[in-house]
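Tertiary structure, described
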Amino acid sequence: MSPISGGASGPAGQVALGLRFEFYDEDCHLIAALVREDVKGAAVPRPGEQIGAGSLSPLVHDLVGASPIVDHLDHYLRVPRSRDWAPLTVVVAHVREITVDQLNDVEDALDAEGWSLLRA
């Protein structure tokens, strides 16, 4: 997949995507999710494909890895609690071996980039 970018508009041919990185502790319990619903991509990646290195900010890549692998897709006909209720495909990737402290340390910076950190 080619690089993705935030923002509501972009060149023709881009598709709207959401991204959700789910963070799990060492016991495989979900501790948080990092979400963004205003991403544009060249196409919707399939499970097993990678989100390209350098597609995300250095801060996000530090958390999710250089090329996170898509676990699954959630297809929403209407996104719950969304302002415009538009349909959206959310790309979901799982991230292991992260701590709550690591997420706490970067929460403000993530917010400044337009990400939402949702606690489990």
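Refer to the structure printed above.
Note that the coordinates shown come from a computational prediction; the quantities given were computed from them, not determined experimentally.

What follows deals with the environment of Val90. Checked against the element boundaries, Val90 lands in strand 5 (residues 88-95). Overall, Val90 belongs to the buried group, its relative accessible area being 5%. Sequence separation between Val90 and Leu17 is 73 residues; the distance between their C-alpha atoms is 5.8 Å. If we skip the residues at most four places from it in the chain, Val90 touches Gly18, Leu19, Arg20, His72, Leu73, Asp74 and Tyr76.

According to the stated counting rule, one finds 5 salt bridges in the structure shown. Notably, a salt bridge pairs Asp38 with Arg36, separated by 2.6 Å at the nearest N-O pair. Residue Arg119 is joined to Glu107 by a salt bridge in which the shortest nitrogen-to-oxygen separation is 2.7 Å. Of the two residues, Arg119 sits in strand 6 (residues 116-119) while Glu107 sits in helix 2 (residues 100-112), which places them 12 residues apart along the sequence. Counted as one network, the salt bridges with shared partners bring together Arg20, Glu22 and Asp74.

Here we take up the nonpolar core. Ranked by internal contacts, the top residues of the largest apolar core, which has 24 residues, are Phe21, Phe23, Leu34 and Leu63. Elements supplying a minimum of two residues to this core: strand 2 (15-24), strand 3 (30-41), helix 1 (58-64), strand 5 and helix 2. The contact partners of Leu63, leaving out residues within four places of it in the chain, are Phe23, Leu34, Val95, Ile98, Leu103, Val106 and Leu110.

What follows is about the packing of aromatic side chains. In the structure shown here, the tally under the stated rule is 1 aromatic pair. Taking 6.0 Å as the distance between ring centres and 45° as the angle between the ring planes, the aromatic pair formed by Phe21 and Trp115 counts as tilted. Note that Phe21 is positioned in strand 2 and Trp115 in the loop between helix 2 and strand 6, a separation of 94 residues in sequence. Comparing Phe21 with Trp115 shows no difference in burial state: the two are buried. Residue placement shows Arg96 over the ring face of Tyr24; its charged tip is 5.1 Å from the ring centre.

We note that Cys28 has phi near 65°; this positive angle belongs to a residue other than glycine. When you line up the elements, Cys28 lands in the loop between strand 2 and strand 3. By relative accessible area, which is 49% here, Cys28 ends up partly exposed. Positive phi values are uncommon outside glycine, yet Glu97 reaches one of about 60°. Topologically, Glu97 is positioned in the loop between strand 5 and helix 2.

What counts, and where the lines are drawn
- Counting from 1, residues in each chain are numbered in the order their sequence is written.
- In view of the model being predicted, local features appear only for residues whose pLDDT reaches at least 70, and side-chain atom pairs are presented and counted only at 80 or more, with totals across whole chains, interfaces and linings using the full set of residues.
- No hydrogens and no water enter the side-chain calculation; it runs on all heavy atoms of the structure.
- Numbering of helices and strands runs from the N terminus; a helix is a DSSP stretch of H or I covering at least four residues, while a strand is a stretch of E covering at least two.
- Three exposure classes are used, based on accessible area relative to the maximum for each residue type with a 1.4 Å probe and protein chains only: buried under 20%, partly exposed in between, and exposed over 50%.
- We call two residues contacting when some pair of their heavy atoms lies within 4.5 Å.
- Within this document, salt bridges are pairs made up of a side-chain nitrogen of Lys or Arg and a carboxyl oxygen of Asp or Glu, the two lying within 4 Å of each other.
- Throughout, nonpolar core names a set of buried Ala, Val, Leu, Ile, Met, Phe, Trp, Tyr and Cys residues whose side chains join them through atoms within 4.5 Å.
- Pairing of aromatic rings covers Phe, Tyr and Trp, the last through its six-membered ring, and needs centres within 6.5 Å; plane angles under 30 degrees mean stacked, over 60 mean edge-to-face, and all others mean tilted.
- Two conditions define a charge sitting above a ring: the NZ of Lys or the CZ of Arg must be within 6 Å of the ring centre, and it must be within 35 degrees of the ring normal.

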